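# Fold and geometry: a report
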Amino acid sequence: MTTTINHQRADRASTRRTVVGTGIGNAVEWYDWAIYATFTPFIASQLFSKSDPASAVLSTLAIFAVGFVARPFGGFLFGWIGDRVGRKASMTLAVGLASLGSLMIGIAPTFAAVGAWASLMLLVARLVQGMAHGGELPSSQTYLSEMAPKEHRGFWATLIYTSGTVGILFGTLLGAVLNMALSTEVMNAWGWRIPFLIGAVMGLYALIMRARLHETDVFEGETVTEKRAPIWPQIVRHRKQALQVIGLTVGLTVIYYIWGVVAPSYATTALKIDRGEALWAGVIGNIVFIAALPFWGKLSDRIGRKKVLWSGAIGSAVMHFPMTWLLKDSAWQLAVGMSVMLIFIAASAAIVPAVYAELFPTSIRTVGVGVPYSICVALFGGTAPYLQQWLGTSLRMPDLFNVYAVVLLAVSAAFVFTLPETKGKDLAH
């Protein structure tokens, strides 16, 4: 009896370490990534020339997109580490690199002080973070999926976007609080640096937590020969699965970045909604998103992955135009629009970590997801905020971007047809 109780306690302790170590590291990575979008107006005014504010904002968003260019390289590098050295090592290195990028932004000199060197340092920092984020998601979702009980893998998979959104939410809340507590002059002078410095400190804590994690049994069960097998031939053999990752991601990444990450910033710069009110609307929308994620995850464990994926893609496509038309000049409109859209976006976001992991064998599970996912996010997710801003404010053709987003959601919905039903799959095979 005592032995059984000790085993149960050990299992609970292991589960807590898995959840906390994976969750906090993922939250820090997403926090680092998202606060850039949240604080775009301040970064534009301090690290670029003030002579043309509109151009400065576009330049800042362009660097946001350029940061995504490094993600495929990070996906391959950290994917290789995850499939050859271990999931734990890949996750730990990724969060450390992300925090370094955040520190670089936090201490970057202003454009007034060093000219274009300020913009260059920002670019380098975003490339560093892009490498890290390209490796973080495939590493952490592979680790979590392999640690999860197969009958509850859909529910466990929700931790990825739940913890990531907590990181985004914390960044948004911090932005709202700083906007209330500090004057515009102080925010422009040094207040905008606070979130990036906090991110660097949190990253150090996350690195320590991940260093204490155990490697997954699935990875440990691999033979030395399997771990050393050439990667590229395996990727070629699983090119259909790589294409499925791209197809499923293309619609989700665009719609998620637009409604889940940059909507408050876009409302401020393009629609002239008060910055503080827009940030609080973002908080409401992301709380709704967090609440919806476990519902969809549990549902996928009961009725299957494909039905839930269809619900997310089709629901987002149907509601995108109505919620866009609702958003005009008020923060409550932003809160409603974000909440409605994020409920449907949550359907796909909740379970794609499990779906991706279930598509590939253990020997290339991390890199097999990381490379195609990062390429897709770089090409479509990273450019979405810039395209929205450019088409909406420069060309005054916002509906063109909205059609683009809906078409990509339709592509993702079509790719669901190509998937096998993987609910309950044993990842050791």
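For clarity, every value in this text was computed on a predicted model and none was experimentally measured. (Residues numbered from 1 in each chain as written. Predicted model: local features only at pLDDT ≥ 70, side-chain atom pairs only at ≥ 80, totals over all residues. Heavy atoms only, no water.)

Turning our attention to the overall build of the protein chain. If you tally the helices and strands in the protein chain, you get 21 helices and 0 strands. Here the C-alpha atoms of the protein chain give a radius of gyration of 21 Å, agreeing with the 22 Å that 2.2 N^0.38 yields for 429 residues. In the protein chain, buried positions account for 59% of the 429 residues. A sequence separation of at least 24 residues applies to 87% of the contacts in the protein chain between residues at least 6 apart. As displayed, the protein chain offers around 16,700 Å² of accessible surface, 70% of which is attributable to carbon and sulfur atoms. One finds the centroid of the 32 positive side-chain charges in the protein chain at a distance of 3 Å from the centroid of its 22 negative side-chain charges. (Helix = DSSP H or I, 4+ residues; strand = E, 2+ residues; numbered from the N terminus. Rg over C-alpha atoms; globule rule 2.2 N^0.38 Å. Buried < 20%, exposed > 50% of the residue type's maximum accessible area, 1.4 Å probe, protein only. Contact = heavy atoms within 4.5 Å. Areas by Shrake-Rupley, 256 points an atom, 1.4 Å probe, with all protein chains shown as cover. Lys, Arg positive; Asp, Glu negative; His and termini not counted. Charge placed at Lys NZ, Arg CZ, Asp CG, Glu CD.)

Moving on, we come to the nonpolar core. In terms of nonpolar packing, the biggest core is built from 101 residues, with Y161, Y256, F289 and I345 touching the most fellow members. When residues in this core are grouped by element, the largest group, 16 residues, is from helix α18 (residues 331-359). Other than its neighbours up to four places away in sequence, I345 contacts L252, I255, Y256, W259, F289 and S316. (Core = buried A, V, L, I, M, F, W, Y, C linked by side-chain atoms within 4.5 Å.)

Turning to empty space enclosed by the protein, a few remarks are in order. Using a probe with the size of a water molecule, rolled over the atoms, empty space left in the structure can be pinpointed. One pass over the full model with this rule turns up 6 cavities of 30 Å³ or more. Lining the largest cavity are 16 residues, and of these W30, H133, Y256, Y257 and Y373 lie nearest its centre. When residues of the lining of the largest cavity are traced back to their parent elements, those giving at least two are α1 (2-38), α7 (116-147), α8 (153-181), α14 (239-261) and α19 (365-381). The element that contributes the greatest number of residues to the lining of the largest cavity is α14, accounting for 6 residues. Residues of the lining of the largest cavity, tallied by class, amount to 12 nonpolar, 3 polar and 1 charged. Approximately 100 Å³ is the volume attributed to the second largest cavity. Taken together, 14 residues form the lining of the second largest cavity, with L248, L252, A313, S348 and S412 sitting closest to its centre. Contributions of two or more residues to the lining of the second largest cavity are made by α14, α17 (305-326), α18 and α21 (398-416). (1 Å grid on protein atoms, 1.4 Å probe; cavity = no way out; pocket = protein on both sides within 12 Å on 5 of 7 lines; lining within 4 Å. Points joined across faces, edges and corners; volume = space filled by probe spheres on them. Nonpolar A, V, L, I, M, F, W, Y, C, P; charged D, E, K, R; others polar.)

Moving on, we come to the environment of H214. As for its position among the elements, H214 is in the loop between α10 (194-211) and α11 (217-220). On the basis of relative accessible area, H214 is assigned to the partly exposed category, the value being 45%. As a C-alpha pair, H214 and M147 span 67 residues in sequence and 9.8 Å in three-dimensional space. Not counting residues within four places of it along the chain, the set of residues in contact with H214 comprises R17 and Y143.

This brings us to the confidence of the model for the protein chain. Caution is warranted with low-pLDDT regions, since their predicted coordinates should not be read in detail. Across the protein chain, pLDDT averages 86, with 95% of residues at or above 70. Low confidence marks residues 1-10, where pLDDT is under 50. Its contacts with residues over four positions away, or in another chain, come to 0 contacts. (pLDDT = per-residue confidence, 0-100.)

This part covers a nonpolar patch on the surface. Among the surface-exposed residues, V66, V69, F73 and L127 lie close enough to one another that they form a single nonpolar patch of about 340 Å² accessible area. Locating V69 in the fold gives a position in helix α3 (residues 53-69). (Patch = residues over 30% accessible without salt bridge, like charges linked within 9 Å, V, L, I, M, F, W, Y side chains within 5 Å. Salt bridge = Lys/Arg side-chain N within 4 Å of Asp/Glu carboxyl O.)

Turning our eyes to something else, we now look at the packing of aromatic side chains. For the coordinates displayed, the defined rule picks out 15 aromatic pairs. Ring centres of W192 and F196 lie 6.1 Å apart, and the angle between their planes is 75 degrees; on these two criteria the pair is classed as edge-to-face. Where Y256 meets F289, the ring centres are 5.8 Å apart and the plane angle is 40 degrees; that geometry is what we call tilted. Taken as a pair, Y256 in helix α14 and F289 in helix α16 (residues 275-303) lie far apart in primary sequence, 33 residues in all. A single burial state applies to Y256 and to F289, both of which are buried. Note that R126 overlies the ring of Y36, its terminal NZ or CZ placed 4.1 Å from the centroid. Taking the ring centre of F155 as reference, the NZ or CZ of K298 above it sits at 5.1 Å. (Phe/Tyr/Trp six-rings, centres within 6.5 Å; stacked < 30°, edge-to-face > 60°. Lys NZ or Arg CZ within 6 Å of the ring centre and 35° of its normal.)

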